[in-house]
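Residues per chain, in single letters:
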Amino acid sequence: MTVIEIPGSKSVTARALFLAAAADGTTTLLRPLLSDDTEGFAEGLKSLGYEVRQEPGVWHVEGRPAGPALDDADVYCRDGATTARFLPTLAAAGHGTFRFDASPQMRRRPLGPLTTALRRLGVDLHHHGAEGHHPLTVTAQGIKGGTLTLDAGQSSQYLTALLMLGPLTAEGLAITVTDLVSEPYVEITLAMMRAFGAHITQDGRTYTVAPTGYRATTYAIEPDASTSSYFFAAAALDPGRTVTVPGLGTGALQGDLRFVDVLRRMGAEVEITETATTVRGTGTLRGLTVNMRDISDTMPTLAALAPFADGPVRIEDVANTRVKECDRLDACADNLRRLGIAVTTGPDWIEIRPATPSGTGVEIATHGDHRIVMSFAVTGLRAPGITFDDPGCVRKTFPDFHRVFEAFTRTP
């Protein structure tokens, strides 16, 4: 059995940084993820005037319930969707003029439902290029609060940003959601907000957030479940190989741990205890049809594993993967076809037929997307010779991925 120490969750780290910055007092974050995305978030906070002290394995954030310390700032959000969506929302609760921009990749990703909602709350917000995209300027004067109707069918991050804003408003916030994707990520948000002292009630698709503010705390970041999926998939592919990820157990916040349920359906052995999750390959990988709406970040992992199943693998209800770092649905299909795999796609689904991929001389087109690289590293275990046009883009969430994955797969 191999035990893999997976870096901290990107999603949890980003939320923790927002909540810590908004809290009254000094928050200590234990085992935060150190990657380009989270470094970008921390740098964004510093650009707004927040004090963030980073030590190995421990970050300290001086909270400012009144908002950014500066009243005029420029923030570069890099490639990070959480940075690009959460920080303008945080700044809107303060007072001042704050300009935000992002990488060309992030500029292409949508913000419209979030920025429309902020405007409805009275925020003076201006897009400088395409409407609903970066760059943008927020001229903040605090937020009274009120009621909103939100379509979060493209990204749950729109809802998460507004929920986290709620305790910072003067009168609270009620949000009714008409559509929602990746709902488990919202459950992460609610649990973390409560850990920082927020009060939220839910009635169907309406979330009501009281204007409580936040209290500083010490918060431990759990390992990244999405990142763990590559190691779980590699174990499922290799008969007799077992991998255990400590820190992801029955109480884990992240819905992407449900990926192991998909592997169980395919034939792998899965054990989840209070403190860890273990996957063992059995030599059986069955084809299946699976709805991955709620765990869509692991769609590329399953797509990359699918050729080795004994029947077709059909993944449904993943339209939102088309507006991630790249169009992940088409990127997976294109790369599988390069490997000689028969693939069909629709607006929100992909079906992959079993075959032995031919890796020699095939370069995977990553589109600068860390999840494409890490997913097709799993395919590469049975398709030696594949290369990646941008292997280094894993720095977004797991800079040391290639070394750790190679060491894992070389371990008997």
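That block above? That's the structure.
How each quantity is defined
Residues numbered from 1 in each chain as written. Predicted model: local features only at pLDDT ≥ 70, side-chain atom pairs only at ≥ 80, totals over all residues. Heavy atoms only, no water. Salt bridge = Lys/Arg side-chain N within 4 Å of Asp/Glu carboxyl O. Helix = DSSP H or I, 4+ residues; strand = E, 2+ residues; numbered from the N terminus. Buried < 20%, exposed > 50% of the residue type's maximum accessible area, 1.4 Å probe, protein only. Contact = heavy atoms within 4.5 Å. Polar contact = N/O pair within 3.5 Å; in protein donor to acceptor, adjacent residues only side chain to side chain. Pairing = 2+ DSSP bridges. Axes fitted to C-alpha atoms, helices over the stretch in contact; angles between N-to-C directions.

**Digging into the pattern of salt bridges**
Item 1. Enumeration over the complete set of coordinates arrives at 29 salt bridges.
Item 2. Of the charged contacts, one joins Asp297 and Lys324 as a salt bridge, the two residues approaching to 3.4 Å between their closest N and O atoms. Separated by 27 residues along the polypeptide, Asp297 in the loop between strand E17 (288-291) and helix H10 (299-305) and Lys324 in the loop between strand E18 (313-316) and helix H11 (328-338) bring together distant segments of the chain. There is no split in this pair, since Asp297 and Lys324 are both buried.
Item 3. A salt bridge links Glu351 to Arg353, with the shortest nitrogen-to-oxygen separation between them at 4.0 Å.
Item 4. Several salt bridges converge on common partners, so that one network encompasses Lys10, Asp37, Arg109, Asp297, Lys324, Glu325, Arg328, Asp369 and Lys396.

**Thoughts on the environment of Asp72**
Item 1. Position of Asp72 among the secondary structure elements: in strand E5 (residues 72-76).
Item 2. For Asp72, a relative accessible area of 42% translates into the label partly exposed.
Item 3. Here the alpha-carbon distance between Asp72 and Gly49, two residues 23 residues apart in the chain, equals 9.5 Å.
Item 4. Each residue touching Asp72, except ones within four places of it in the same chain, is listed here: Thr97, Phe98 and Arg99.
Item 5. Side chain to side chain, Asp72 and Arg99 meet in a polar contact 2.7 Å long.

**Things to note about the sheet that holds strand E8 (residues 136-141)**
Item 1. Spatially, E5-E6-E8-E7 is the arrangement adopted by the four strands of the open sheet, whose pairing is mixed. Each having just a single partner strand, E5 and strand E7 (124-127) make up the two edges of the open sheet. In this sheet, adjacent strand axes meet at a mean angle of 15° when their direction is disregarded.
Item 2. In this structure, strand E6 (residues 95-101) lies alongside E8, joined through six bridges in antiparallel fashion. If you follow Thr97 over to E8, its bridge partner there is Thr139.
Item 3. Of the strands in this sheet, E5, E6 and E8 touch helix H3 (residues 81-92), which is tilted by about 30° from E8.

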